[in-house]
Amino acid sequence: MSSFLDKRFASLEAYVPGEQPKDAKYIKLNTNESPYPPSPAVAEAARAEAEKLNLYCDPDCTLLRREAAALFGVGEENVLAFNGSDEVLEFAFMAYGAKIAFPSISYGFYPVFARLFGSDALKVPLREDMSIDHRDYLSLGRTVVIANPNAPTGLALSPGQIEEIVRSNSGSVVVIDEAYVDFGAESVIPLTKKYDNLLVTRTFSKSHSLAGARLGFGIAGEEIIRDLNTIRNSTNPYNVNRMTQAAGTAAIRDNELYMSRCRAVARTRDRIADELKKAGFELTASKANFLFVRGGGLSGEEIYSGLRKRGVLVRWFSGGAISDRVRVSVGTEEQMDVFLAELKELQNEKK
Ligand code: PMP
């Protein structure tokens, strides 16, 4: 830290993204990406835009927003595009985060944003079984942020439970982060028409094979969208680059393909979960594209480092309340068979 840094930032502990190895020797199950490449139309659309990179992109994302509004079943005035959903979450913390609440175990970026913007942050514990008790969030009188399904547990609330939270906090914004919703939970986007305090965030990083392009969305009533747009235009009006706008538009046109891939990932997830349970591991009932695993006679660290030596990367959150577990992104059937075989060998070695 330099002596020039503003005191406000002296105690910042930055978010640490999952490892992105530079070589291809790993089966990569550590950052919840899609195991499938983008569809040919998406790659082609991005390539065509590369020819025009000397020109700024459309700051209004006109075409992309039109397609996204149709996909989400809302008006164009109800959706904005962002540089990944991390950006819309950042802006939500900036705009509404003075007093905020989120689960004590959830996406690791929430506490980082809270620190960055000096929020008074209430971290609400999970139940013993790692689920969120939605009643803990009723009438809190502060901004609420919940990932649904939650990460890294994969457990989901029902739309009815979320509606209770939104209704009982009518004086505050409720942010529902639907990064993983396409893998088996139910979206609350329809509720944005009924409640002006609900903001839903979406990403194309997982369900639409575009993690490297950085594309997320915020969906809400017109007033929240206007707030977020003011912040966007006060920081970086060109937040979604030309190639990403084109790739995102093409991905929406191929939505059926992406949804069928999400269903395939969900089927693989459930098959591997059954196999892991048979092998003595304990799992949460994940509705996301990852599994949250512990036990089987192995510590979280043993699973993580043992698999790493065997060429399989999973995520281990060391040092905290969940260090006995690992989070395993669901890859292709073949990748997951290798993961399972290697994990069982680790178990046998320990016996
Ligand atoms: N929300 C949750 C719960 C996540 O796990 C992630 C992925 N790290 C994000 C949001 C952000 O995703 P992105 O910025 O790639 O859209």
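So, here is what we can say about the structure in this document. All figures in this text were calculated on a predicted structure; none of them were measured in a lab.

What about the pattern of salt bridges?
Here the structure, examined in full by the defined rule, presents 26 salt bridges. Where Glu 275 meets Lys 344, a salt bridge forms, and the shortest distance between an N and an O atom there is 3.8 Å. One end of the pair, Glu 275, is in helix α8 (residues 255–278); the other, Lys 344, is in helix α10 (residues 333–350), and 69 residues separate them in sequence. Three or more residues are tied together by salt bridges with common partners; here these are Glu 282, Arg 294, Asp 324 and Arg 325.

Describing the site of the ligand
The environment of the ligand is made up of Gly 84, Ser 85, Asp 86, Leu 89, Tyr 107, Asp 177, Ala 179, Tyr 180, Thr 203, Ser 205, Lys 206 and Arg 214. Within the contact set of the ligand, an oxygen atom lies 2.7 Å away from a backbone nitrogen or oxygen of Ser 85. Take Asp 177: an N or O atom from its side chain is 2.6 Å from a nitrogen atom of the ligand. Taking 400 Å² as the accessible area of the ligand by itself, protein coverage stands at 91%. Looking at the shell around the ligand, the element that brings in the most residues is helix α3 (residues 85–96), giving three residues. Here the shell around the ligand is composed, by residue class, of four nonpolar, four polar and four charged.

Observations concerning the sheet that holds strand β9 (residues 281–283)
Across the sheet, three strands lie side by side as β9-β10-β12; this open sheet has antiparallel pairing. The sheet is open, and its two edges are formed by β9 and β12 (325–329), each paired on a single side. Within the sheet, the average angular offset between the axes of one strand and its neighbour, ignoring direction, is 35 degrees. One ladder, built from five bridges, connects strand β10 (residues 290–295) with β12; its direction is antiparallel. Looking at β12, one finds that Val 293 is bridged to Val 326. The strands touched by helix α9 (residues 300–309) are β9, β10 and β12; relative to β12, the strand with the most contacts, the crossing angle is about 40 degrees.

Digging into empty space enclosed by the protein
All chains considered together, the criterion is met by one cavity of 30 Å³ or more. Empty space within the largest cavity amounts to approximately 60 Å³. Lining the largest cavity we find Ser 34, Pro 35, Tyr 36, Phe 183, Lys 206, Ser 207, Ser 209, Tyr 258, Arg 261, Cys 262, Val 265 and Asn 289. A class-by-class count of the residues in the lining of the largest cavity yields six nonpolar, four polar and two charged. Split by domain, the residues of the lining of the largest cavity number at least three in each of domain 1 (7–37 + 256–350) and domain 2 (40–254).

Some details on the packing of aromatic side chains
The full count for this structure, using the stated rule, is 15 aromatic pairs. Look at Tyr 304 and Trp 316: their rings are 5.9 Å apart centre to centre, the planes differ by 25 degrees, and that puts the pair in the stacked class. Separated by 12 residues along the polypeptide, Tyr 304 in helix α9 and Trp 316 in the loop between β11 (312–314) and β12 bring together distant segments of the chain. By relative accessible area, Trp 316 is classed as partly exposed at 22%. Ring-pair connections join several aromatic residues into one group, and the members of that group are Tyr 15, Phe 93, Phe 102, Tyr 107, Phe 109, Tyr 110 and Phe 113. Over the ring of Phe 290 we find Arg 327, and its NZ or CZ is 5.8 Å from the ring centre.

The rules behind each value
Positions within a chain are numbered from 1, following the residues in the order the chain's sequence is written. Only residues with pLDDT of at least 70 are given local features in this predicted model, and only at 80 or more are side-chain atom pairs given and counted; all residues enter the totals for whole chains, interfaces and linings. Excluding hydrogens and water, the side-chain figures rest on all heavy atoms present in the structure. Between Lys or Arg on one side and Asp or Glu on the other, a salt bridge is scored when a side-chain nitrogen of the former is within 4 Å of a carboxyl oxygen of the latter. By definition, any uninterrupted DSSP run of H or I lasting at least four residues is a helix, any uninterrupted run of E lasting at least two residues is a strand, and each is numbered from the N terminus. Neighbouring residues are identified by heavy atoms, a residue being near a molecule or strand if any of them is within 4 Å of it. A 3.5 Å cut-off defines polar contacts: any pair of N or O atoms within that distance qualifies, except that in protein one atom must be a possible hydrogen donor and the other a possible acceptor, and neighbouring residues in sequence count only when both atoms are side-chain atoms. Accessible surface area values rest on a Shrake-Rupley calculation with a 1.4 Å probe, where residue burial reflects the displayed protein chains alone. Throughout this entry, Asp, Glu, Lys and Arg are counted as charged residues, while Ala, Val, Leu, Ile, Met, Phe, Trp, Tyr, Cys and Pro are counted as nonpolar. The remaining residues, Gly among them, count as polar. In this analysis, strands are considered paired if DSSP registers two or more bridges between them. Between N-to-C directions, angles span 0 to 180 degrees; the directions come from axes that are lines fitted to C-alpha atoms, helices contributing only their stretch in contact. Should any heavy atoms of two residues lie within 4.5 Å, those residues are considered in contact. Cavities and pockets were defined on a 1 Å grid built over protein atoms only: a cavity is a set of grid points that admits a 1.4 Å probe from which the probe cannot escape, a pocket is an open set flanked by protein on both sides within 12 Å along at least five of seven lines, and lining residues are those with an atom within 4 Å of any such point. Grid points are joined across faces, edges and corners, and a volume is the space filled by probe spheres set on the points. Note: domain ranges come from an automatic or database domain assignment. Here a Phe, Tyr or Trp ring, Trp counted by its six-membered ring, pairs with any other such ring whose centre lies within 6.5 Å, and the pair is stacked when the planes are under 30 degrees apart, edge-to-face when over 60, and tilted otherwise. Think of it in three bands: residues with accessible area under 20% of the maximum for their type are buried, residues over 50% are exposed, and the middle band is partly exposed, with areas taken using a 1.4 Å probe on protein chains only. We count a charge as sitting over a ring when the NZ of a lysine or the CZ of an arginine lies within 6 Å of the ring centre and within 35 degrees of the ring normal.

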